[in-house]
Structures are given as C-alpha cells and as structure tokens.
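Here is what each chain is made of, one letter per residue.
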Amino acid sequence: LQLRKGRSEEVDRGSIMAREQALLSTEIVNRGVEPSGPDAGSPTFSVRVRRRLPDFLQSVNLKYVRLGYHYLISHGVYLATIPVIVLVCGAELGSLSRDELWRKVWGEATYDLATVLAFLAVLAFTISVYIMSRPRPVYLIDFACYKPADELKVSKAEFIDLARKSGKFDEDSLAFQSRLLAKSGIGDESYMPRCVFEPNANCATMKEGRAEASTAMFAALDELFDKCRVRPKDVGVLVVNCSLFNPTPSLSAMIVNHYKMRGNILSYNLGGMGCSAGVIAIDLARDMLQASGAGLAVVVSTEAVSFTWYPGKRRSMLIPNAFFRAGCAAVLLSNRRRDFHRAKYQLEHVVRTHKGADDRAFRSVYQEEDEQRIKGLSISRDLLEVGGHALKTNITTLGPLVLPFSEQLLFFAGVLFRHLFPSKTSTPPPPTTPGDASAAAPYIPDFKRAFEHFCMHAASRDVLEHLQSNLGLRDADLEASRAALHRFGNTSSSSIWYELAYLEAKGRVRRGDRVWQLAFGSGFKCNSAVWRAVRRVRRPSRSPWLDCVDQYPARMDA
C-alpha cells in the first residue's frame with residue numbers, strides 16, 4: 001500500500017509538472033557584445049522564460065455552460081412552444097377537408113356580436129401586452145473614431161529619442177522600452193501627446209489631462225453628430241468611460257457643458273475599469289435606454305495617455321509606456337423603431353465576466369507608487385494566465401448564445417464527457433502535429449461559424465497571437481485587430497471601434513453579418529458584445545482609415 005501511495009504521489013507530481021511546463025515558453029535574447037568585465041568583447045545571450053496564455057478550452061467549468069444555456073432558454077422559450085402549437089393545430093386542421101373546415105367554422109358554429117367583440121378585444125389586449133413587454137431592440141446608428149493631428153505622430157525611433165531627451169529615464173529603462181516597442185506590433189505612425197516628452201515636467205496634471213481628453217472627445221463627438229444629423233439636445237443618455245483620468249467635474253459633465261445638453265439627461269462617468277470599459281458602457285447605455293425610453297444614447301470611450309505615462313525605473317510599470325496611444329471613439333445608440341432604417345447594427349448580446357474575487361486577477365493590472373513614490377500602472381507577469389481564465393469563462397457563457405446547434409452539441413458533449421469521466425480525460429500529451437490530437441481532448445468550437453468578423457482588443461502582438469492559436473482563428477480573422485494595433489497602437493477601450501472602422505473602410509460588412517467585439521481589462525474583466533449588421537455598410541466618407549486602408553494588410557509585413 002505504501003508503495004502504491006508513493007507511486008500515485010509521483011504520478012500526481014509528474015502531471016502537475018507537465019501542466020506547468022506546458023504553460024511556459026522560452027526565448028533566447030541576444031544582448032549584444034559585453035562592453036566591460038572579464039568577458040568584454042564576447043557576445044552575450046540570455047534565456048527568457050515566460051508563461052503562455054493557458055489553453056483555456058482544455059478546461060471548461062460546467063456552471064458557465066449552464067449559465068449560457070440559461071440565457072438562451074430565458075430569452076427564447078417561445079421558440080420551443082410556437083412550433084409545438086403550430087404542429088398540433090396543423091395536424092388537427094390537416095385531417096379536415098376544405099368543405100368540412102368551412103362547415104365547422106361557419107355552418108355549425110353560431111356567433112353573436114358580443115362574442116366576436118370580446119374575442120377581438122382579448123386578442124388585441126394580448127398582442128399589445130406582448131409588444132409592450134418585449135424589450136426594444138437597441139440599434140447602433142453610427143460611430144466616429146478620433147484621428148489626432150499629424151504633429152502628434154511618433155515613430156518607434158522617435159519615441160526612444162524623445163524619451164532620452166526628456167531626461168526622465170536611464171539607459172537601462174530606455175533599452176527595455178526599445179525592446180518592447182520592437183516586438184509590440186505597433187507601427188511608426190501612432191499618436192502620443194507631446195507633454196509626456198517634456199524635459200523634467202510632470203505631464204499628469206489636471207490641465208494636461210483636461211486638454212488631452214477634451215480634444216479627443218469633442219473631435220469624435222463633432223464628427224458623430226454631423227454624420228448622424230443629431231442635435232446634442234436630442235440625446236437622453238450619456239455614458240463616458242476613461243480609466244485613469246477622472247477629474248471633478250467629470251468628463252461627462254464636460255461634454256454636457258460643452259454641447260449645452262438638456263437638463264434631464266442621464267449622464268454616467270465610468271472610471272478605473274480598464275480597456276474593457278467600452279463594452280461595459282454599451283451595456284449600461286442599453287439598460288438605460290430600455291428602462292427610461294430616452295430614445296438616443298451616446299457612448300464615449302477614451303483614455304488619457306498622459307496619466308498612463310510612467311517616468312520611473314520599475315519595469316512592470318514601463319510596459320504601458322510602450323503600448324498605450326491616444327484614441328477616442330463616440331457611438332450613437334437608439335431604441336426607437338423608426339431608426340431601424342438608418343441604423344448600421346443591432347445589439348444582440350453582451351456577456352460580461354469579472355474575476356475580481358481572485359487576488360492574482362485583481363492585482364494583475366494595478367495602479368500604485370514605486371520605491372521613489374512615482375505613480376504608475378503595474379502589469380503583472382500573471383496577466384496572460386489571468387486573461388486566459390477570464391476569456392475561458394466569457395466564451396463558455398457566450399457560446400450557447402451564438403454558436404450553431406451542431407457546434408453547441410459537440411462542444412457540450414465534450415464538456416459533459418470530461419466531467420463524467422475525469423480519469424479518462426486527464427492531461428493528455430501535447431500533439432506533435434495538428435492531426436495528432438488526443439481522443440480525450442475536448443472539441444474546440446468553431447467560432448468562425450458564429451461570426452463573420454472579429455474585433456479583438458488590440459493589446460499587443462503576443463496577446464493576439466495567443467488568442468488566434470487558442471480560438472483556432474485564421475490570419476484574416478484578426479487582420480482588423482493587427483491593423484489597428486499597427487496603425488494606432490493600443491488605444492485602450494476604443495480599440496475595438498478602430499477595428500470595426502477598418503472593416504467598414506474595407507467594405508467587408510454585409511447585411512446579416514455578425515461582429516464579435518471582445519475586450520479585457522483591469523479588475524480583471526473580460527467582456528463581449530455581439531452586433532448584427534441590419535444592412536450592407538458601405539465604405540464611409542469619413543474614417544480614420546481613409547488615407548491608409550489600401551496599404552493594409554501588406555503594410556504590417558513590411
């Protein structure tokens with residue numbers, strides 16, 4: 001017995017080590033020629049070990065599958081009852097000939113005026129209650145993305161040069177940021193506010209923050225109101241999200257004051273919710289439209305780069321410097337039925353996931369001070385793993401709502417088998433070839449059968465590559481995300497709108513197409529929004545992509 005126990009413990013330790021090794025990847029980094037010391041003049045290399053995004057489709061929590069099916073059933077129970085009623089009535093009526101049916105309806109039955117009027121009144125009342133109790137659909141009429149002025153463009157080389165001239169960084173910090181930029185996937189035409197490069201100056205001031213935020217928000221809103229031919233006073237709901245810059249009065253109050261909006265507007269300002277706050281703002285605006293009947297809602301998603309800038313030495317806080325760039329998006333929503341004919345999309349689903357109960361997830365993106373009491377945004381090494389678990393939960397809940405029945409059946413059967421027979425589905429060895437997958441491995445749903453277009457949050461090149469491999473997507477599926485990252489950088493919560501603008505500028509959105517917007521951010525949160533195109537979206541006359549869209553995707557490979 002002791003021998004068996006010892007062997008089982010060795011097997012358990014071996015399986016745990018195998019799972020940990022599967023989450024690790026190695027990278028050999030060439031650090032150049034050693035300048036001094038006993039090894040001066042010789043090339044030096046280092047081996048970097050990091051965690052991969054976990055294969056979240058290998059472990060699915062059954063409660064999230066049940067949650068997705070609960071959403072599906074609660075919103076679609078009538079789809080199951082109506083066919084049964086039609087089948088029963090059809091069978092009954094099909095057994096009668098035309099003459100018999102006519103005789104039963106008009107010949108053998110007797111009606112009086114009171115009976116007919118009562119029947120019509122009950123029918124009208126039932127239909128009215130059904131129509132009034134149904135939530136009105138929410139339409140996306142149009143949106144606008146802010147394109148900063150050309151003088152704010154900064155290349156990767158210019159970024160390092162300006163950062164060096166600012167005198168805020170030592171050479172080790174500059175070298176670290178240079179390596180991040182080289183593999184970030186960001187091109188040489190993204191935008192940065194120049195105040196962050198001013199020598200020996202604090203850029204995170206209220207004056208600079210208000211100037212940066214107002215420039216971006218008002219430019220996007222001016223374009224939105226002009227494109228939609230809507231007066232600011234017609235807007236009943238306003239939702240603004242900006243994670244790090246939260247002044248008093250709020251950003252939403254700045255917009256109300258600037259456009260002199262009406263006094264009974266329902267305004268909200270979301271702060272500290274990270275890059276996924278854009279989807280949260282859409283969800284809040286939808287709820288407010290359905291609850292208040294306000295008619296029109298505006299959602300503004302932006303970020304103040306001057307407040308993400310960190311002029312210190314801690315490497316975990318230097319990461320946002322290399323990735324975050326200036327951007328803003330403004331979206332006009334409506335729940336008025338008459339706006340259907342001019343709307344572009346209809347909101348079908350919003351699925352939100354919050355992992356804040358877990359301490360590692362909560363601290364994976366954390367604003368704090370370093371040893372010199374310099375404030376910055378710290379990015380944990382656990383971020384990829386935490387994001388993978390949040391994404392796993394989100395897509396497991398989203399799957400039953402969007403996947404075709406055949407995909408749902410195969411996926412659910414695999415999940416059920418793994419929970420009923422866990423011993424037969426213990427961690428299988430990784431396949432050596434794509435066709436060498438273990439029979440015990442779960443079925444990975446084909447999300448390409450649910451969506452025609454994908455707008456994944458453009459956080460970095462590594463994140464997009466891991467998403468592509470784990471979800472089984474093609475290069476074409478993430479073209480919009482990679483293009484937005486290359487041209488505009490990580491614009492935080494507005495990045496998913498720059499990606500949708502790219503798809504529209506390419507003329508790829510057809511009537512009936514479904515778009516999956518997925519974003520994740522601090523907390524840790526992962527949120528999805530699903531839109532369905534109600535008409536063919538023609539190439540817009542105003543877009544941040546008009547001067548360069550024909551250069552993509554070839555430009556990313558240059």
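Residues numbered from 1 in each chain as written. Predicted model: local features only at pLDDT ≥ 70, side-chain atom pairs only at ≥ 80, totals over all residues. Heavy atoms only, no water.

1. Examining the overall build of the protein chain
Looking only at helices and strands, one finds 19 helices and 15 strands in the protein chain. Across the 558 residues in the protein chain, those meeting the buried criterion constitute 47%. Partitioning the intrachain contacts of the protein chain with sequence separation of at least 6 by distance along the chain shows that 79% fall at a separation of at least 24. Counting every atom, the protein chain has about 28500 Å² of accessible surface; 57% of that belongs to carbon and sulfur. (Helix = DSSP H or I, 4+ residues; strand = E, 2+ residues; numbered from the N terminus. Buried < 20%, exposed > 50% of the residue type's maximum accessible area, 1.4 Å probe, protein only. Contact = heavy atoms within 4.5 Å. Areas by Shrake-Rupley, 256 points an atom, 1.4 Å probe, with all protein chains shown as cover.)

2. Looking at helix α18 (residues 495-505)
Among the 11 residues in α18, 11 count as buried, and that is most of the element. Within α18 the residues assigned to the buried category are Ser 495, Ile 496, Trp 497, Tyr 498, Glu 499, Leu 500, Ala 501, Tyr 502, Leu 503, Glu 504 and Ala 505. Immediately downstream of α18, the backbone of Gly 507 shows phi near 70°, a positive value.

3. Digging into the pattern of salt bridges
Applying the stated rule across the entire model yields 31 salt bridges. Across the pair Arg 336 and Asp 339 runs a salt bridge whose closest N-O atoms are separated by 2.8 Å. A network of salt bridges, in which partner residues are shared, links Asp 142, Glu 223, Lys 227, Lys 344 and Glu 504. (Salt bridge = Lys/Arg side-chain N within 4 Å of Asp/Glu carboxyl O.)

4. Considering helix α8 (residues 206-228)
Spanning 23 residues, α8 covers 32 Å between terminal C-alpha atoms, matching the ideal 33 Å at 1.5 Å per step. A positive phi of about 55° marks Arg 229, the residue just after α8. (Expected span 1.5 Å × (residues − 1).)

5. Observations concerning the sheet that holds strand β15 (residues 525-533)
Overall, mixed pairing links the 9 strands, which are arranged β7-β6-β8-β9-β3-β10-β15-β14-β13 in an open sheet. With one partner strand each, in any of the chains shown, β7 (266-270) and β13 (453-456) form the two edges of the open sheet. Geometrically, the sheet is characterised by an average inter-axis angle of 20° between neighbouring strands, direction not taken into account. Bridge analysis of strand β6 (residues 237-241) against strand β8 (residues 296-302) gives 5 bridges, and the strand direction is parallel. Paired with Val 240 across the bridge in β8 is Val 300. (Pairing = 2+ DSSP bridges. Axes fitted to C-alpha atoms, helices over the stretch in contact; angles between N-to-C directions.)

6. Points about the packing of helix α7 (residues 171-182) against helix α12 (residues 315-323)
A packed helix pair is summarised by two numbers, namely the angle formed by the two axes and the spacing between the axes. In contact at an axis separation of 9 Å, α7 and α12 are set at 50° when each is read in the N-to-C sense. Taken together, α7 and α12 sit at an angle that is classed as oblique. Crossing of α7 over α12 shows right-handed handedness. Counting all contacts with α7, which are made through Asp 172, Ser 173, Phe 176, Gln 177, Arg 179, Leu 180 and Leu 181, the residues of α12 involved are Arg 315, Leu 318, Ile 319, Asn 321, Ala 322 and Phe 323. A breakdown of the residues in the contact of α7 with α12 according to their chemical character gives 7 nonpolar, 3 polar and 3 charged. (Parallel < 35°, antiparallel > 145°, perpendicular 65-115°, else oblique. Left-handed = near helix turned anticlockwise from the far one by under 90°. Nonpolar A, V, L, I, M, F, W, Y, C, P; charged D, E, K, R; others polar.)

7. With respect to the packing of aromatic side chains
The way to describe two aromatic rings as a pair is by their centre distance and the angle between their planes. Within the structure shown, the criterion is met by 22 aromatic pairs. On the basis of an interplanar angle of 45° and a centroid distance of 4.8 Å, the ring pair of Phe 488 and Tyr 498 is categorised as tilted. Separated by 10 residues along the polypeptide, Phe 488 in helix α17 (residues 479-488) and Tyr 498 in helix α18 bring together distant segments of the chain. Here Phe 488 and Tyr 498 have matching classes, each one buried. Each member of the aromatic cluster is reached from another via a ring pair, and the members are Tyr 191, Phe 488, Tyr 498, Tyr 502, Trp 545 and Tyr 552. Against the face of Tyr 366 rests Arg 363, its NZ or CZ located 4.0 Å from the ring centre. Across from the ring centre of Phe 488, 4.7 Å away, lies the NZ or CZ of Arg 487, which sits over that ring. (Phe/Tyr/Trp six-rings, centres within 6.5 Å; stacked < 30°, edge-to-face > 60°. Lys NZ or Arg CZ within 6 Å of the ring centre and 35° of its normal.)

8. Focus on the state of the cysteines
By the definition in use, this model includes 0 disulfides. Cys 203 carries a free sulfur, and the closest cysteine sulfur to it, the one in Cys 195, is 5.1 Å from it. (Disulfide = S-S within 2.5 Å.)

9. Observations concerning the UniProt feature "transmembrane region" (unreviewed entry) in the protein chain
Here the UniProt-annotated "transmembrane region" (unreviewed entry) positions come out as residues 71-93, 113-132 and 265-285. Its end C-alpha atoms 12 Å apart, residues 265-285 is made of 43% helix and 24% strand. (UniProt positions renumbered as here; feature names shortened; annotations may be inferred.)

10. Looking at unusual backbone geometry
Here the residue pair Thr 248 and Pro 249 is connected by a cis peptide bond, since its omega of 0° sits within 30 degrees of zero. When you line up the elements, Pro 249 lands in the loop between β6 and α9 (251-259). A cis amide bond links Gly 523 to the next residue, Phe 524, at an omega of 10°. Mapping Phe 524 onto the fold places it in the loop between β14 (514-521) and β15. In this structure, Arg 373 is a non-glycine residue whose phi angle is positive, near 60°. One can find Arg 373 in the loop between β11 (365-369) and β12 (375-379).

11. Points about the pairing of β11
Summarising the sheet, β11 and β12 pair through 5 bridges and their orientation is antiparallel. Bridged to Val 365 within β12 is Ile 379. In this antiparallel pair of consecutive strands, β11 and β12, the connection spans 5 residues, and Arg 373 shows a positive phi of 60°.

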